[in-house]
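The residues making up each chain are set out below.
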Amino acid sequence: MGNKFLGYIYKGLGSALDAIFGFIISILEIIVGLLEGVKRIVASLAGILLVMLFLNPFALILIFNPIIISIFIVLVVVPFLGMQFINYLKYLKYMVTEYFYDRAKMHLSGEKIHYQTMGDYGRKYRQDEENARRREQEAWRRAQEERRRQQEREWQERFNQWYRYQQQQQGGYYNDYNHSGYRQSPFQDPTDAFVKKYKESAQILGVTDDADKYEIKLAYRKMAKKYHPDVNHEADATKKFQEINEAYEFLNDKNIERYKNMRKN
């Protein structure tokens, strides 16, 4: 009977702490989310301040106004620290509530306890987070490789269609004319579009258009690390990170080889 009573106490404590932590975390997430939204609006106005500073050096008085500085701290520092604090609260919530819930199960249903201290649950939480991060990274890597292969297939098909059309034109298979009497092409030579996109992608990664695949991969890793949304909290970091990935997906091995062959010819 005593064990059952103790089990209900553990369960009650776990439920109460679960609710308290959940409420605090929800409120903080709402506040941080609102500040992030306001920060994006303010970031769009930052360009105006820079123009003002360029045109009028006395604008420094406005920029370094205590109110402006306070707003900057609230919109930049607070959301960053807030997310760190929220993550720490989630860690505490798991560690404390799982500790009490497991002991409640032990006393109420006789289930075996696998972890003895709250610190053990904390280490399990960290390990689970790390495993989840690794699985997410591996899933992202596989998806990215598939997108790179898809880019290869799409451009290969565009060039194949153009080459087939050129061969059929030479053989006189097509006889498509518009109303003015000029032959209409159902396909366009993709060379110019390919070269343009290749140079733009190389520029995004900060490499020359004659860089090899190893230089491209190294540049991609450096840029992706710099602009990853988990590390870079600037307003345009997510957009920049997406552009970097799209550029890297286009600069796949097949497209690198195709571009180098074009330069030789």
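Higher on the page you've got the structure.
In what follows, the accompanying structure is described. Each chain carries its own residue numbering, running from 1 in the written order of its sequence. Local features in a predicted model are, by the rule used here, given only for residues with pLDDT of at least 70; side-chain atom pairs are given and counted only at 80 or more, and totals for whole chains, interfaces and linings are based on all residues. No hydrogens and no water enter the side-chain calculation; it runs on all heavy atoms of the structure.

**As for the packing of helix α4 (residues 118–170) against helix α5 (residues 191–205)**
No. 1: Geometry is summarised by axes, namely lines fitted to C-alpha atoms with helices restricted to the contacting stretch, and by angles between N-to-C directions that run from 0 to 180 degrees. Comment: elements are numbered from the N terminus, with helices defined as DSSP H or I runs of at least four residues and strands as E runs of at least two. Two elements in contact, α4 and α5, have axes separated by 11 Å at closest approach and are oriented at 155 degrees. The angle between the axes of α4 and α5 places the two elements in the roughly antiparallel class. Counting all contacts with α4, which are made through W155, R158 and F159, the residues of α5 involved are T191, A193, F194 and K197.
No. 2: Residue classes in the contact of α4 with α5 are distributed as 4 nonpolar, 1 polar and 2 charged. Roughly parallel means an angle under 35 degrees; roughly antiparallel, over 145; roughly perpendicular, 65 to 115; everything else is oblique. We call two residues contacting when some pair of their heavy atoms lies within 4.5 Å. As a working rule, the residues Ala, Val, Leu, Ile, Met, Phe, Trp, Tyr, Cys and Pro are called nonpolar, Asp, Glu, Lys and Arg charged, and the rest polar, with Gly in that last group.

**Looking at helix α8 (residues 253–264)**
No. 1: In a helix, the anticipated span is given by 1.5 Å times the number of residues less one. With 12 residues, α8 extends 17 Å between its outermost C-alpha atoms, agreeing within 8% with the 16 Å of an ideal straight helix rising 1.5 Å per residue.
No. 2: Think of it in three bands: with a 1.4 Å probe and only protein chains considered, a residue is buried below 20% of the maximum accessible area for its type, exposed above 50%, and partly exposed in between. All of the buried residues along α8 are N255, I256, R258 and Y259. In a view along the axis of α8, the buried residues occupy a sector of 165 degrees, so they form one face of it.
No. 3: Buried residues in α8 make contact with α4, α5, α6 (213–227) and α7 (237–250). Picture the helix axis, draw a direction to every C-beta atom, and the arc is the one those directions span.

**Some points on the packing of aromatic side chains**
How two aromatic rings sit relative to each other is given by the distance of their centres and the angle of their planes.
No. 1: The pairing test for Phe, Tyr and Trp rings, Trp by its six-membered ring, is centres within 6.5 Å, and the orientation test on the planes gives stacked under 30 degrees, edge-to-face over 60, and tilted for anything in between. Considering all chains together, one arrives at 19 aromatic pairs under this definition.
No. 2: Summarising the aromatic geometry, the rings of W162 and Y165 are spaced 5.7 Å apart at their centres and angled 35 degrees between planes, so their arrangement reads as tilted. Residue W162 and its partner Y165 are both found in helix α4; the two are separated by 3 residues, about one turn of the helix.
No. 3: For W162, a relative accessible area of 15% puts it in the buried group.
No. 4: The structure contains a cluster of three or more aromatic residues connected by ring pairs, namely W155, F159, Y163, F194, Y198, F250 and Y259.
No. 5: Charges are assigned to positions over rings by a cutoff of 6 Å between ring centre and Lys NZ or Arg CZ, combined with an angular limit of 35 degrees from the ring normal. R148 extends its terminal NZ or CZ atom over the ring of Y248, reaching a point 4.1 Å from the ring centre.
No. 6: Note that K240 overlies the ring of Y227, its terminal NZ or CZ placed 5.7 Å from the centroid.

**Let's talk about the environment of Y125**
No. 1: Within the secondary structure, Y125 sits in helix α4.
No. 2: In this structure Y125 comes out as buried when scored by relative accessible area, which is 12%.
No. 3: Counting along the chain gives 34 residues from Y125 to Y91, while the straight-line C-alpha distance between them is 6.8 Å.
No. 4: Setting aside residues up to four positions removed in sequence, Y125 forms contacts with N87, K90, Y91 and Y94.

**Brief notes about the pattern of salt bridges**
No. 1: Basic side-chain nitrogens of Lys or Arg form a salt bridge, by our definition, when they fall within 4 Å of a carboxyl oxygen of Asp or Glu. Within the structure shown, the criterion is met by 15 salt bridges.
No. 2: Between R123 and D120 there is a salt bridge, with its nearest N and O atoms 2.5 Å apart. Pair noted here: R123 and D120 are both in helix α4, with a separation of 3 residues, about one helical turn.
No. 3: The salt bridge partner of K124 is D128, with a shortest N-O separation of 2.8 Å. Taken together, the residues K124 and D128, both in helix α4 and 4 residues apart, mark about one turn of the helix.
No. 4: The exposure class assigned to D128 is partly exposed, which follows from its relative accessible area of 33%.
No. 5: Each of E130, R133 and R134 takes part in salt bridges that share partners, so that together they form one network.

**Observations concerning a nonpolar patch on the surface**
No. 1: The patch calculation keeps residues exceeding 30% relative accessible area without a salt bridge and links them within 9 Å when they carry like charges or within 5 Å when they are nonpolar (Val, Leu, Ile, Met, Phe, Trp, Tyr). Each accessible area is a Shrake-Rupley result for a 1.4 Å probe, and residues are judged covered by the shown protein chains and nothing else. Residues I20, F23, I24, I27, I30, I31 and L34 make up a contiguous nonpolar surface patch of about 670 Å² in total accessible area.
No. 2: Along the chain, I31 falls in helix α1 (residues 2–55).

**Considering the side chain of R258**
No. 1: Of note, R258 is situated in helix α8.
No. 2: Of the side chains bearing the opposite charge, E152 lies closest to the buried R258, which forms no salt bridge; the N-O distance is 8.0 Å.
No. 3: Filtering out sequence-adjacent residues up to four positions away, R258 remains in contact with W155, Q156, F159 and F194. Only four residue types enter the tally: Lys and Arg on the positive side, Asp and Glu on the negative side; His and the chain ends are excluded.

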